[in-house]
Amino acid sequence: MSLPIPLMTIGLLLLANVFMTFAWYGHLKHPGASLVTVIFISWGIAFFEYVLQVPANRIGYGYFNAAQLKTIQEIITLSVFAVFSVFWLKEPLGWNHFVGFAFIAAGGFFIFHKW
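As recorded by an unreviewed UniProt entry, the protein chain carries the name DMT family protein and is attributed to Falsigemmobacter faecalis.

K.L.:
I tried to follow the UniProt feature "transmembrane region" (unreviewed entry) in the protein chain on my own but got confused; where do I start?
P.N.:
Per the UniProt entry, the sites bearing "transmembrane region" (unreviewed entry) are residues 7-26, 32-52, 72-89 and 95-112 in this numbering. Helix makes up 89% of residues 72-89 and strand 0%. Its end C-alpha atoms lie 24 Å apart. With 100% helix and 0% strand, residues 95-112 has its two end C-alpha atoms placed 26 Å apart.

K.L.:
What's the story with the pattern of salt bridges in this structure? I'm lost.
P.N.:
Side chains that differ in sign of charge can pair as their charged atoms come close. With the rule as written, the count across this model stands at one salt bridge. Across the salt bridge formed by E74 and K70, the nearest N and O atoms sit 2.8 Å from each other. Taken as a pair, E74 and K70 lie in helix α3 (residues 66-87) at a separation of four residues, close to a single helical turn. Taking the relative accessible area as the measure of exposure, E74 reaches 32% and is therefore partly exposed.

K.L.:
Teacher, can you tell me more about the packing of aromatic side chains here?
P.N.:
Aromatic rings considered in pairs are described by the distance between their centres and by the relative angle of their planes. Enumeration over the complete set of coordinates arrives at 14 aromatic pairs. Ring centres of F40 and W43 lie 5.3 Å apart, and the angle between their planes is 85°; on these two criteria the pair is classed as edge-to-face. In this pair, F40 and W43 are both assigned in helix α2 (residues 35-60), three residues apart and thus about one turn of the helix distant. Of the residues examined, F40 reaches a relative accessible area of 51% and is grouped as exposed.

K.L.:
Is there a simple way to explain a nonpolar patch on the surface in this structure?
P.N.:
A surface patch of nonpolar side chains, amounting to about 570 Å² of accessible area, comprises L35, V36, I39, F40 and W43. Among the structural elements, I39 can be located in helix α2. By relative accessible area, I39 is classed as partly exposed at 35%.

Cut-offs applied
Residues numbered from 1 in each chain as written. Predicted model: local features only at pLDDT ≥ 70, side-chain atom pairs only at ≥ 80, totals over all residues. Heavy atoms only, no water. UniProt positions renumbered as here; feature names shortened; annotations may be inferred. Helix = DSSP H or I, 4+ residues; strand = E, 2+ residues; numbered from the N terminus. Salt bridge = Lys/Arg side-chain N within 4 Å of Asp/Glu carboxyl O. Buried < 20%, exposed > 50% of the residue type's maximum accessible area, 1.4 Å probe, protein only. Phe/Tyr/Trp six-rings, centres within 6.5 Å; stacked < 30°, edge-to-face > 60°. Patch = residues over 30% accessible without salt bridge, like charges linked within 9 Å, V, L, I, M, F, W, Y side chains within 5 Å. Areas by Shrake-Rupley, 256 points an atom, 1.4 Å probe, with all protein chains shown as cover.

Below, the structure written as structure tokens:
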């Protein structure tokens with residue numbers, strides 16, 4: 001039994017974004033590490049992002065169009081980043097962050113609405 005395409009796509013995108021967030025921002029918690037070191041570690045982590053992101057887009061394309069896939073990915077990215085920012089970087093999110101994220105997420109309505 002295979003999972004539904006939307007569930008597979010969103011699940012893979014969610015996992016890919018966890019890797020992406022750590023690859024792009026995880027090193028900020030270690031300012032003493034050399035730039036070359038964090039670049040290579042980030043590349044290593046990003047490999048797993050691509051292993052998940054590319055199949056997610058291949059599986060989802062056709063069920064979703066490219067703009068919808070990108071919108072899903074961006075909303076997931078913001079959601080994962082918000083959690084990462086609070087729990088990994090220990091940075092609080094303010095009301096302005098939530099308002100900004102809400103405006104971006106609201107863009108999804110316009111992408112997915114049938115006009």
